[in-house]
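Secondary and tertiary structure notes
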Amino acid sequence: AGERVCGPYVWGRYDVLCMPPSFPYGGMENPCLTFVTPTLLAGDRSLASVVIHEIAHSWTGNLVGCRTWRHFWLNEGWTMYVQRRIMGIMQGEPTAQLDAVLGIKALGDSVFGYGEQHNFTRLVPELKGVDPDDAFSRVPYEKGFNFLTYLETVAGGPGPFAQFVLAYVKEFAFKTLTSDEFKAFFIAHFAETRAAQIAEVDWAKWLHAPGMPPVENTFDATLSEACHSLRDRWAETHGAGQSKADIEGFTTAQTCLFLDLLQAGDCAGFAQNAAVLKKMDDLYGFTQSENSEIKWRWQTLCIGAEMEGVVPHVLKFITTGGRMKFVRPLYQKLFASKVGRTAAVEAFVQNRQRYHPICAKMVAKDLELGK
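Here we summarise the structure given alongside this text. For clarity, every value in this text was computed on a predicted model and none was experimentally measured.

Applying the stated criterion to the full structure yields zero disulfides. Free cysteine cysteine 227: the closest other cysteine sulfur is in cysteine 256, separated by 9.6 Å. For cysteine 227, a relative accessible area of 0% puts it in the buried group. Free of any disulfide, cysteine 267 has its nearest neighbouring cysteine sulfur in cysteine 227, separated by 13 Å.

Right, dumping it as structure tokens:
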């Protein structure tokens, strides 16, 4: 599927190595070899999208790379785009579209966390004198993906853009490039067929303005409608009339979207109500889930509702693994809560040496512990 999207695989072989629990990232791409976190081992292959992402880096990141880290979106935004193209081929377009919807929530969280005018929310941020770990977020991934999705419409749709992807990889194979070089190549490729549409692209705003994308893409709602409907029923009834059958047909991604929707501000009235969340857990068994993506989202909700009973579960999760996607926000959430602030600091101090140095450094900042 990757070769259909990007052209020939040039690295010969491909292996995946599952790292120790302290590995701080979901995956790390190298030519021929990908490192992955054990948090992907859900037992049902439901978290395989991370492996797809790392395979996609065989073209965008390893074969075609960004010149400097200011242009990191050329690695990660492109790889999110290729990942979802591969998912569409292998798992169906609705699944890929749902993944894009989940990505919008992740991007919003990053932008909100920094502040919508923050330099790090630009697609091409200024990084002089900056610790690159401070700038790492979902922005280059998801804002970059949304830029490419928008450019797909500018190009005339998936068909013409698919040809552009192949030409792009071929042109820049074994090279690095900047955002300006990407812009020039895109304009030249479509100059004869889409000049009027290209003239309407606000390149400066997309590449250099902070905040959320300047254009809101629309994604297929086939798989997300049921999630919105279930959220609305809980908002209206606080669980009356609901049953465990509600989510029996959900994929992991649909369950994740449902939990994401509960974190929205308009759900605060019931999603921060401990009694309502307790009823939800009795029906759906979220506390007992061994799926890391579901566990993270559920624990985030419960801490927000100041549910003291969830604290031991959170501490177990964040002290037996070191993936920063989960560890950092859960420590931050505990630290900001009444029920978990002291426990968060104590747990980190006791377990600091178990974490990867990058993870330990960042969590220490989050907990205001310094060095």
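What follows concerns helix 17 (residues 324-336). With 13 residues, helix 17 ought to run about 18 Å at 1.5 Å a step, and its terminal C-alpha atoms sit 18 Å apart, in line with that. Within helix 17, burial applies to Met324, Phe326, Val327, Arg328, Leu330, Tyr331, Leu334 and Phe335. Summarising the contacts, the buried residues of helix 17 are in contact with helix 15 (292-304), helix 16 (311-319), helix 18 (341-351) and helix 19 (357-366).

This part is about the sheet that holds strand 1 (residues 15-18). Strand order in the open sheet made by the three strands is 1-3-2, with mixed pairing throughout. Where the open sheet ends on each side, the last strands, each with one partner, are strand 1 and strand 2 (27-30). Strand-to-strand twist across the sheet, computed as the mean angle between neighbouring axes with direction ignored, equals 20 degrees. Bridge analysis of strand 1 against strand 3 (residues 33-36) gives four bridges, and the strand direction is parallel. Pairing of aspartate 15 across the sheet is with leucine 33, part of strand 3.

Rules used throughout
Every chain is numbered on its own, with residues counted from 1 as its sequence reads. Selection of residues for local features in this predicted model requires a pLDDT of at least 70, selection of side-chain atom pairs for listing and counting requires 80 or more, and totals for whole chains, interfaces and linings are taken over all residues. With hydrogens and water excluded, all non-hydrogen atoms of the structure serve as input to the side-chain values. The term disulfide is used for any two cysteine sulfur atoms that are within 2.5 Å. With a 1.4 Å probe rolled over the protein chains alone, any residue whose accessible area is under 20% of its type maximum counts as buried; one over 50% counts as exposed, and the rest are partly exposed. Under the scheme used here, helices are H or I runs from DSSP no shorter than 4 residues and strands are E runs no shorter than 2 residues, and both carry numbers assigned from the N terminus. Take the number of residues in a helix, subtract one, and multiply by 1.5 Å to get its expected span. The criterion used for residue contact is that any of the two residues' heavy atoms lie within 4.5 Å. Strand pairing requires that DSSP identify at least two bridges connecting the strands. Working convention: axes come from line fits to C-alpha atoms, limited for helices to the stretch in contact. Angles between N-to-C directions cover 0 to 180 degrees.

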